[in-house]
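Survey of secondary and tertiary structure
One-letter residues, chain by chain:
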Amino acid sequence: VSVIQVEEMVRKIVRMFDQMGAAVRLTALLSLATGIFVLFAIARRQAELRRRSALLLKTVGASSREVLSIFLWEFGILSFVAAFFGVGFSFVIARILALVVFDRADGGISLSGLAVIGGIVAISLLSVTIASFRTIREKPWRLLQAEGER
């Protein structure tokens, strides 16, 4: 009788952990979607703030591709640094928890951390490209026209 009760208890605990895992995965996906939306909004706002500079560059002969590459370099470096420190910080916290809570230290840095950094940079660059499309395609005469109206 006790073996059956233990098995049933273990099944309930495993089921509960599975449900908790699903809830954590859903929360992570929602956080990721929200983060991408916020990243796009920031990129869009920065493109608007840099509109005048971009149009001035185009007035002196820069192409749309060159202006876009300036945006991409700036955001690429910023997103790489942010992702690097975020992954590094999470690695340190995970090590501390493993040592303090579980009394063990597992292996070194995994390749998934590098994949996360690469993914964040790629998503950032894609967001900047989409968000700045209207700004970099704008003709420089609009800036001159706006300056003449002042």
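For the structure, check the block above.
As a starting point, this report considers the structure included with it. These figures come from a predicted structure and were not determined experimentally.

**Some details on the nonpolar core**
Among the nonpolar cores identified, the biggest contains 10 residues, and these are Ala43, Ala54, Ala62, Val67, Leu68, Phe71, Phe75, Val128, Ala131 and Ile136. For this core, the element with the most residues is helix H3 (residues 64-100), which contributes four residues. The contacts of Ala43, once residues within four sequence positions are left out, are Phe75, Ser127, Val128 and Ala131.

**Brief notes about the pattern of salt bridges**
For the structure shown, the criterion picks out six salt bridges. Taking the shortest distance from any N to any O, the salt bridge between Glu48 and Arg44 comes out at 2.6 Å. Taken together, the residues span about one helical turn, with Glu48 and Arg44 both in helix H1 (residues 2-49) at a distance of four residues. Within the structure, one salt-bridge network assembled from shared partners comprises Glu7, Glu8 and Arg11.

**Some words on helix H2 (residues 51-59)**
Buried within H2 are the following residues: Ala54, Leu55 and Lys58. Viewed end-on, H2 has its buried residues packed into an arc of 95°, placing them on one side of the element.

**Quick look at the side chain of Ser127**
Structurally, Ser127 can be placed in helix H4 (residues 111-131). Judged by relative accessible area, which is 8%, Ser127 ranks as buried. Excluding residues that lie within four positions of it along the chain, Ser127 makes contacts with Leu39, Phe40 and Ala43.

**Re the side chain of Arg44**
You can call Arg44 buried: its relative accessible area is 18%. Excluding anything up to four places from it in sequence, Arg44 contacts Ala131, Ser132, Arg134 and Thr135.

Basis of the calculations
- Residues numbered from 1 in each chain as written.
- Predicted model: local features only at pLDDT ≥ 70, side-chain atom pairs only at ≥ 80, totals over all residues.
- Heavy atoms only, no water.
- Core = buried A, V, L, I, M, F, W, Y, C linked by side-chain atoms within 4.5 Å.
- Buried < 20%, exposed > 50% of the residue type's maximum accessible area, 1.4 Å probe, protein only.
- Helix = DSSP H or I, 4+ residues; strand = E, 2+ residues; numbered from the N terminus.
- Contact = heavy atoms within 4.5 Å.
- Salt bridge = Lys/Arg side-chain N within 4 Å of Asp/Glu carboxyl O.
- Arc of directions from axis to C-beta.

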